[in-house]
Amino acid sequence: MKEKAGILVVGTCAAAFLALGAYAQGEAAPEQAQATPAEEQVLKYEPLVRAAEVKGVCEVLNPDTGAWAPVMERKAYPMGCKFRTGADGTFSLIFSREDSVTLAPSSELLATASRKNPDARIVRLLNGVAKTNLRDNTPDGSFNLLTDNALCKSMTGKGEYKVSYSGTTETFVANTITGACEVEGPQYTIPALRAANIVSIETTEGRALSRIASVSGDFGITLDSGTEEPVKHTMTPKAVVKIWRERAPVGGRTVVSVLAVNHQGRQEHRFAYVIGRPTLATGELVKKEEEEPADENLPVLVAPEKDKEAPAAAEPAADAAKDL
């Protein structure tokens, strides 16, 4: 698949260059051959990714060789390569003259093309910090960043994204310095992080718990409710959303409990449901006049069992990459 994707990208770019050459000689471009602005921008991605400003220990794992090797300045690498930096290492990956990602020290990522759209790019951040410098008018879906538990889609502008681990808990921090991006995770979506917005997302092993907190700025979050109508909540600094997941002992479906509190720790939303069973949903349990401190003893639709393994959440965010 990777070889076919590469051939498609090269062929598309070659066709674009031939067309530009014809137009330079005075030939009018036929209307049916004219690309939309979005298509022209997508075609600016290079078929290979080039390394630049290499400092310290920086290594690349090319799937064709199967061994780690030093990253070479100005060398171009195929999609599907994994890159990492040492404690003193840093370098930039150039996807086009206008789009790059800088890997900070002690970081690791995988650079690849989209399976559905070979012209789109995906950076899978495995550990550490990646700083993006993208066009402000990047078309939707053109550039994406993926972690084990979250997906940043339709990214534009400058941003800083960090993945770290404490035991088995992953912490992902998305900081949109300029531009915007959409964040998608299991049972929630942040439609738009904009300039100066920072969100912290902690996910425990097996996705038994997700804790989403606003660090900076105001932004909206959409929460699955188990029905056709999702719950919309406004995140302000110190506001938190917690999502618990547990597999039902009968039927094996995932039971989800959600609690959303404001910056003062007061409940805004509280509900539970069973994925795939809209009739098994509590609906909103917080009354508008309720102003008691947040209580994390949520109602559950199944009795807890001791020594039960944490479930894998249905429709995990990382699986969303299959649609890219």
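Above this note sits the structure.
Everything quoted here is computed from the prediction, not taken from an experiment.

### Topic: the overall build of the protein
Of the regular secondary structure elements, the protein holds two helices and 23 strands. Looking at the protein as a whole, 43% of its 324 residues qualify as buried. Once local pairs closer than 6 in sequence are excluded, the contacts in the protein between residues at least 24 apart make up 50%. For the protein, the exposed area adds up to about 16,700 Å²; of that, 51% sits on carbon and sulfur atoms.

### Overview of unusual backbone geometry
Its identity is not glycine, yet Arg 207 carries a phi of approximately 60°, on the positive side. Looking at the element boundaries, Arg 207 is found in the loop between β16 (197-203) and β17 (209-216). Overall, the relative accessible area of 14% leaves Arg 207 in the buried class. Even without glycine at this site, Lys 238 takes up a positive phi of about 80°. Take Lys 238: it is sitting in the loop between β19 (231-235) and β20 (240-247). Residue classification places Lys 238 among the exposed positions, given a relative accessible area of 67%.

### Notes on the pairing of strand β13 (residues 169-176)
On a regular strand, one side chain projects to one face of the sheet and the next to the other, so that they alternate. When you tally the buried positions in β13, you get six out of eight residues, the bulk of the element. Bridge count between strand β12 (residues 158-166) and β13: eight bridges; the pairing is antiparallel. Note on β13: the bridge partner recorded for Val 163 is Phe 172. Once β12 ends, the chain turns through two residues before running back antiparallel as β13, passing Gly 167 with a positive phi of about 65°. Both β13 and β16 contribute to a ladder of seven bridges, which runs antiparallel. Following the sheet pairing, Asn 175 is matched in β16 by Ile 198.

### Remarks on the side chain of Thr 156
Inspection of the secondary structure puts Thr 156 in the loop between β11 (151-153) and β12. Reaching out from Thr 156, the side chain makes a polar contact with the backbone nitrogen of Ala 180 at a distance of 2.9 Å.

### Points about the pairing of strand β14 (residues 180-185)
The pairing of β11 with β14 spans three bridges and is antiparallel. Paired with Cys 152 across the bridge in β14 is Val 183. Taken together, β14 and the strand that follows it, strand β15 (residues 188-194), pair antiparallel across an intervening segment of two residues, in which Gln 187 is found at a positive phi of about 70°.

### Concerning the pattern of salt bridges
This model, assessed by the stated rule, comprises four salt bridges. With its nearest N and O atoms 2.8 Å apart, the salt bridge here joins Arg 124 to Asp 148. Of this pair, Arg 124 sits in strand β9 (residues 121-133) while Asp 148 is found in the loop between β10 (143-146) and β11, placing the two residues 24 residues apart along the sequence. Accessibility expressed as a relative area gives 32% for Asp 148, which makes it partly exposed. Here Glu 184 ties to Lys 153 by a salt bridge, and the two come within 3.4 Å at their closest N and O atoms. Taken together, the residues Glu 184 in strand β14 and Lys 153 in strand β11 connect sequence positions 31 residues apart. For Lys 153, a relative accessible area of 23% gives the class partly exposed.

Basis of the calculations
Starting from 1, residues in each chain are numbered consecutively following that chain's sequence as written. The predicted nature of this model means local features are confined to residues of pLDDT at least 70 and side-chain atom pairs, given and counted, to a pLDDT of 80 or more, with totals for whole chains, interfaces and linings taken over all residues. Side-chain figures throughout are based on the complete set of non-hydrogen atoms in the structure, without hydrogens or water. A run of H or I in DSSP counts as a helix once it spans at least four residues, and a run of E counts as a strand once it spans at least two, with each numbered from the N terminus. Exposure is judged per residue with a 1.4 Å probe applied to protein chains only, and the accessible area is read against the type maximum: over 50% gives exposed, under 20% gives buried, and values in between give partly exposed. Residues are treated as being in contact if the distance between any of their heavy atoms lies within 4.5 Å. Accessible surface is estimated by sampling points in the Shrake-Rupley manner with a 1.4 Å probe; for residues, cover comes only from the protein chains shown. Any two strands with at least two DSSP-identified bridges between them are counted as paired. N or O atoms within 3.5 Å of each other form a polar contact, as long as, within protein, one can give a hydrogen and the other can take it, and as long as residues adjacent in sequence are counted only when both atoms are side-chain atoms. One speaks of a salt bridge when a side-chain nitrogen belonging to Lys or Arg is within 4 Å of a carboxyl oxygen belonging to Asp or Glu.

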